[in-house]
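Each chain, letter by letter, is given below.
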Amino acid sequence: MTMFIILIALCSLFAFRTTAMAEAQYKIAVVVPGGTTGPFWKMVEKGLNDMAANYSDVELAYHGSKHDNVEQFLNILQSVIASKPDTVVCPLIDPMYMDEILRPAIAKGLPVIAIHAADLREPAESRIPILAYIVEDSYMFGKTAAQETLQRFKPKRAIFCNHAMGTEKINALGRGWVETMQAAGITAEQLNVAASGGGFGTELLAAYLLSKPDTDTIFTADFGRTLAFIMRLKADGYQIGKEINIIQLGSDEPIVLDFIKQGQIAFALDQQPYLQAYLGAMLAYVHLKHGFTPAQKSFMTPPVVITQENMTDMPIFKLPGSLLDNLRSAGIPEDILKDLQSLEEK
């Protein structure tokens with residue numbers, strides 16, 4: 001009888017320990033600024049889910065509103081932090097307001113990693129003290145868009161349609177485009193298309209084209225506006241792809257590829273949201289499990305140019321050797337990097 005009781009006790013202890021081990025998950029909370037049903041954020045979600053599927057001790061929660069809404073995003077972020085996850089991954093789309101939410105939590109020990117958008121405020125000491133950020137270099141994306149354009153044709157006048165003139169991320173994108181064009185002797189500038197009272201700014205673009213009729217190249221970073229611009233330009237009698245060429249940042253909307261096939265869009269730049277999300281969650285996991293803190297904070301995902309010629313062979317993401325070397329030199333365990341490389345090969 002005594003032996004039976006001992007066996008029962010041991011079994012109970014084993015069951016308790018097994019349950020405890022099963023619950024010993026690293027809780028990674030990801031918060032995005034909205035549009036969780038949109039193509040860009042669905043690709044982010046896929047990167048996160050693939051990362052979590054690779055590691056059984058990761059418990060990943062994905063949060064965001066159904067539509068882009070900064071106020072809802074900030075409220076959701078506050079609620080998520082209050083739920084006490086082990087770490088938070090989010091884009092720093094509005095550093096000034098997010099500072100009030102994130103800085104106190106970071107001071108209490110919450111690790112935060114940024115994807116998609118970083119805190120670029122000056123001086124650097126004023127920025128939110130996050131663990132790391134995995135984003136695109138907006139200036140380089142603008143520069144790459146201009147360089148790819150110049151390889152194809154020489155514009156007479158080129159503009160960047162800035163839909164968020166007060167956002168440093170979008171401003172830097174425009175600067176990369178404009179300065180590269182100007183260095184090549186092309187007249188170029190940023191056009192503010194953030195129409196007051198909402199709307200896509202089609203009237204602003206139409207008025208600009210009337211005043212600057214030599215404009216033949218337009219770079220946009222918001223597909224909703226791109227679609228509205230194309231419709232308006234056609235209605236005004238312009239021949240898209242001949243009189244006016246359109247360059248698009250982002251290829252997540254399936255219709256973008258259709259427009260490239262049709263010649264409505266000359267080419268697009270992919271921001272690699274899958275890779276940003278996967279790396280963001282991966283860095284969070286490595287930090288929680290191994291205590292790893294990267295010596296460098298910045299990991300940049302490079303632009304991928306999508307054209308009529310290469311769209312059918314485009315992988316879900318591209319991991320250049322330079323980024324892989326940066327991750328390796330930063331101390332990411334080799335087995336973790338191999339898991340990432342195996343995904344790229346698929």
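Residues numbered from 1 in each chain as written. Predicted model: local features only at pLDDT ≥ 70, side-chain atom pairs only at ≥ 80, totals over all residues. Heavy atoms only, no water.

**Quick word on the overall build of the chain**
Here is step 1: A tally of regular secondary structure across the chain gives 12 helices and 12 strands.
Here is step 2: Relative to its 346 residues, the chain shows a buried fraction of 49%.
Here is step 3: Put simply, 71% of the contacts in the chain that link residues at least 6 apart link residues at least 24 apart.
Here is step 4: A total accessible area of about 16500 Å² is found for the chain, and carbon and sulfur atoms account for 55% of it. (Helix = DSSP H or I, 4+ residues; strand = E, 2+ residues; numbered from the N terminus. Buried < 20%, exposed > 50% of the residue type's maximum accessible area, 1.4 Å probe, protein only. Contact = heavy atoms within 4.5 Å. Areas by Shrake-Rupley, 256 points an atom, 1.4 Å probe, with all protein chains shown as cover.)

**Side note on the packing of aromatic side chains**
The relation between two aromatic rings is expressed through the spacing of the ring centres and the mutual angle of the planes.
Here is step 1: All chains considered together, the criterion is met by seven aromatic pairs.
Here is step 2: Ring geometry for Tyr 26 against Tyr 285: centres 5.9 Å apart, planes inclined by 80°, an arrangement best described as edge-to-face. Taken as a pair, Tyr 26 in strand β1 (residues 26–31) and Tyr 285 in helix α10 (residues 273–290) lie far apart in primary sequence, 259 residues in all.
Here is step 3: Judged by its relative accessible area of 22%, Tyr 26 is partly exposed.
Here is step 4: Note on Tyr 285: relative accessible area 3%, which makes it buried.
Here is step 5: On the numbers, 4.9 Å between centres and 35° between planes, the contact of Trp 177 with Phe 219 is tilted. (Phe/Tyr/Trp six-rings, centres within 6.5 Å; stacked < 30°, edge-to-face > 60°.)

**Side note on the packing of helix α7 (residues 202–211) against helix α8 (residues 223–235)**
Here is step 1: Between α7 and α8, the shortest axis-to-axis distance is 10 Å and the interhelical angle comes to 50°. Considering the angle they form, α7 stands oblique to α8. In the crossing of α7 with α8, the sense of the turn from one axis to the other is right-handed. Judged by residue contacts, Thr 202, Glu 203, Leu 205, Ala 206 and Leu 209 of α7 engage Ala 228, Phe 229, Arg 232 and Leu 233 from α8. (Axes fitted to C-alpha atoms, helices over the stretch in contact; angles between N-to-C directions. Parallel < 35°, antiparallel > 145°, perpendicular 65-115°, else oblique. Left-handed = near helix turned anticlockwise from the far one by under 90°.)

**With respect to the nonpolar core**
Here is step 1: In this structure, Met 282 and Leu 327 are the most contacted members of the largest nonpolar core, which totals 39 residues.
Here is step 2: Looking at this core, the elements that each hand over two or more residues are β1, α2 (39–54), β4 (112–115), β5 (132–135), α10, α11 (321–329) and α12 (334–345).
Here is step 3: The element contributing the most residues to this core is α10, with 11 residues.
Here is step 4: For Met 282, the contacting residues outside a window of four places in its chain are Met 51, Leu 327, Ile 332 and Ile 336.
Here is step 5: Counting 23 residues, the second-largest nonpolar core is a separate cluster that includes Val 31, Val 88, Ala 105 and Ile 128. (Core = buried A, V, L, I, M, F, W, Y, C linked by side-chain atoms within 4.5 Å.)

**Details of the pairing of β4**
Here is step 1: Neither face of β4 is left uncovered, since the one carrying Val 112 and Ala 114 and the one carrying Ile 113 and Ile 115 both have all their residues buried.
Here is step 2: Where strand β3 (residues 87–90) meets β4, three bridges bridge the pair, whose relative direction is parallel. Residue pairing in the sheet places Cys 90 in a bridge with Ala 114 of β4.
Here is step 3: Here β4 runs beside β5; their pairing, made up of three bridges, is parallel. (Pairing = 2+ DSSP bridges.)

**So, the sheet that holds β4**
Pairing between the strands of a sheet is mediated by backbone hydrogen bonds and can be parallel or antiparallel.
Here is step 1: What the six strands build is an open sheet, ordered β2-β1-β3-β4-β5-β11; its pairing is parallel. Because the sheet does not close on itself, it has two edges, and the strands there are β2 (58–63) and β11 (298–300). When strand polarity is set aside, the average angle formed by the axes of neighbouring strands in this sheet is 20°.
Here is step 2: Each of β1, β2 and β3 is contacted by helix α3 (residues 70–82), which is oriented at about 170° to β1, the strand it contacts most.

**Structural notes on the packing of α2 against α10**
Here is step 1: At a minimum axis distance of 7 Å, the contact between α2 and α10 shows a crossing angle of 40°. In terms of their interaxial angle, α2 and α10 are classed as oblique. As α2 packs across α10, the resulting crossing turns out to be right-handed. Residues Phe 40, Met 43, Val 44, Lys 46, Gly 47, Leu 48, Asp 50, Met 51 and Asn 54 of α2 form the contact with α10, whose own contacting residues are Pro 273, Tyr 274, Ala 277, Tyr 278, Ala 281, Met 282 and Tyr 285.
Here is step 2: A class-by-class count of the residues in the contact of α2 with α10 yields 12 nonpolar, two polar and two charged. (Nonpolar A, V, L, I, M, F, W, Y, C, P; charged D, E, K, R; others polar.)

**Remarks on the pattern of salt bridges**
Here is step 1: In this structure the tally under the stated criterion is 16 salt bridges.
Here is step 2: The partner of Arg 103 in a salt bridge is Asp 99, with the nearest N and O atoms 2.7 Å apart. Separated by four residues within a single helix, Arg 103 and Asp 99 lie in helix α4 (residues 95–107), roughly one turn from each other.
Here is step 3: Given a relative accessible area of 30%, Arg 103 falls into the partly exposed group.
Here is step 4: When its relative accessible area of 12% is taken as the criterion, Asp 99 is described as buried. (Salt bridge = Lys/Arg side-chain N within 4 Å of Asp/Glu carboxyl O.)

Read these as geometric descriptors, not functional statements.
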